[in-house]
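Summary of structural features
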Amino acid sequence: MVHQTMAISSTSASSASSKISPMKSTPLRLVLTALIVGMLAACSTPMPPSPTPPGAISTQPPASALPPPAAVPLPGDTGPLPPPMAQPKSRWIPVRWAELPGFTQDALHEAWNAWIKSCERPAPPFTALCAEVRQLSIATPDEQRAWLIARLQPYRVEAHDGNADGLLTAYYEPMMEGARQPGNGFNVPIYRLPASFGARKPWYTRQQIETLPEAQAALQGRAIAWLRDPVESMVLHIQGSGRLRITEPDGSISTVRVAYAGTNDQPYGSIGRWLLDQGYTRDATWPGIRAWLAANPQRTNELMWTNPRYVFFKEEPLAGMDASFGPKGAQGVPLTPGRSIAVDRQSIPYGTPVWMASSGPQVQLSRMVLAQDTGSAILGAVRADYFTGWGPEAGDIAGRLKQGLRLWVLWPR
């Protein structure tokens, strides 16, 4: 899944596994037993929060959004720290587990679901851990925390100039009404890749796709479905994936996913930024954009064409367990609401468990997430786009979230 973000205007990261000493082959249960005894003596664990509805995230503030002033090392985390590690766009500074805000409060079983998905396509440093990760899917929070301390080393992610502060935004999977045939207000097509796609690079711009006869001819019969609203279509193009509730020709209703298949290789342009730069609005959120279009309906094409990039989709079934997860991210595994992030691969490799802390006006977050996706605007050492799920609540959070961020990668010892 490749997406852009409205609010902001890769090569793979080098593997650091060669700098990690091999793990000791301590039996899993012995490690857990010894560490759990120490942890239970040192602290108590609160009851897990109430379950979050599917497709949404919990925004309950953690007990502490910042690390304690003088963190005391947790049991099992008292050995010498390893040296810092370097990535093309970041440096990783080893820290104690106690530095991670909210580490003893997180509902780790939610993150374990995302980690098991990453283990379907594990990065080499984590391949050897995946058998244990699967075993721990039904473990208690204390067992999971003890295992993390025993097997992984946390590193604070910083820019090369030492700046550990970054930016968090969010994205989601929109849900929309569609039809298989145009008409009755459904007149905005969602296209598959054109048959002649590989013959022309870059392909036609958005304006050319909608106006040139040769572009229209190449897309003849390639529509997956039709939407009512060009703004909804733009949301879908920016998010890179969506769920459609489609009226079939026989009148029946089906729900499918339209997933990212490719783009026309044209540059991305933010329609919200264009409105701001032209002085047409001070509110570049989706409600603000809709309000401007309601007052200027004759300028709809002009606004949409300021983004020359056009996204093509592929249809996927959405039933059973597939409906409980998001679309596949750039790692090639389905995204987990509230536990998957998009990152800059030159700072954090795909499949890496990451501790994320963000405190701001929209949400308070201190939790473990998995780096499973990327995006054209997700660039920099301390930068993440947070997958919030699907539906109105997820869309509301994703549309508003833009606040400070700190990250810690959790890397095999």
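What you see is a predicted model, and the numbers here were worked out from it, not measured in a lab. (Residues numbered from 1 in each chain as written. Predicted model: local features only at pLDDT ≥ 70, side-chain atom pairs only at ≥ 80, totals over all residues. Heavy atoms only, no water.)

1. A closer look at the pairing of strand 5 (residues 166-173)
For clarity, the cut-off: Note on classification: 1.4 Å probe, protein chains only; a residue is buried when its accessible area is under 20% of the maximum for its type, exposed when over 50%, partly exposed between these limits. In DSSP terms, a helix is any run of H or I states spanning at least four residues, a strand is any run of E spanning at least two, and both are numbered starting from the N terminus. In short, DSSP must find at least two bridges between two strands for them to pair.
Of all eight residues in strand 5, six are buried, a share of seventy percent or more. As judged from the four bridges shared by strand 5 and strand 16 (residues 402-412), these two strands associate in the antiparallel manner. Pairing of Leu167 across the sheet is with Gly404, part of strand 16. In this sheet, strand 15 (residues 383-390) lies alongside strand 5 in parallel orientation, the contact comprising six bridges. Counted as the bridge partner of Leu168 is Ala384 from strand 15.

2. Quick notes on the nonpolar core
Stated formally: Among buried residues, those of type Ala, Val, Leu, Ile, Met, Phe, Trp, Tyr and Cys that are joined through side-chain atoms within 4.5 Å constitute a nonpolar core. Whether two residues touch is decided by their heavy atoms; if any such pair falls within 4.5 Å, the residues are in contact.
Grouped together as the largest cluster of nonpolar side chains are 83 residues, with contacts concentrated most on Trp115 and Leu148. When residues in this core are grouped by element, the largest group, six residues, is from strand 16. Leave out the neighbours within four places in its chain, and Trp115 touches Phe126, Val133, Trp147, Leu148, Leu152, Pro353, Met368 and Leu370. Of all hydrophobic cores here, the second largest spans 10 residues; its members include Trp203, Ala215, Leu219 and Tyr310.

3. A few points about the environment of Leu370
By the secondary structure assignment, Leu370 is in strand 14 (residues 364-375). Counting along the chain gives 255 residues from Leu370 to Trp115, while the straight-line C-alpha distance between them is 6.6 Å.

4. Details of unusual backbone geometry
Leave glycine aside and you will find that most residues have negative phi; peptide bonds, for their part, are mostly trans. The peptide bond linking Lys201 to Pro202 adopts the cis configuration, its omega dihedral lying at -10 degrees. Position of Pro202 among the secondary structure elements: in the loop between strand 7 (188-191) and helix 6 (206-211). Even without a glycine there, the phi angle at Asn184 is positive, about 55 degrees. Positioned with a positive phi, Asp265 is a non-glycine residue whose angle comes to about 65 degrees. Turning to its location among the elements, Asp265 is positioned in the loop between strand 10 (253-263) and helix 9 (271-277). Given the relative accessible area of 42%, Asp265 is considered partly exposed.

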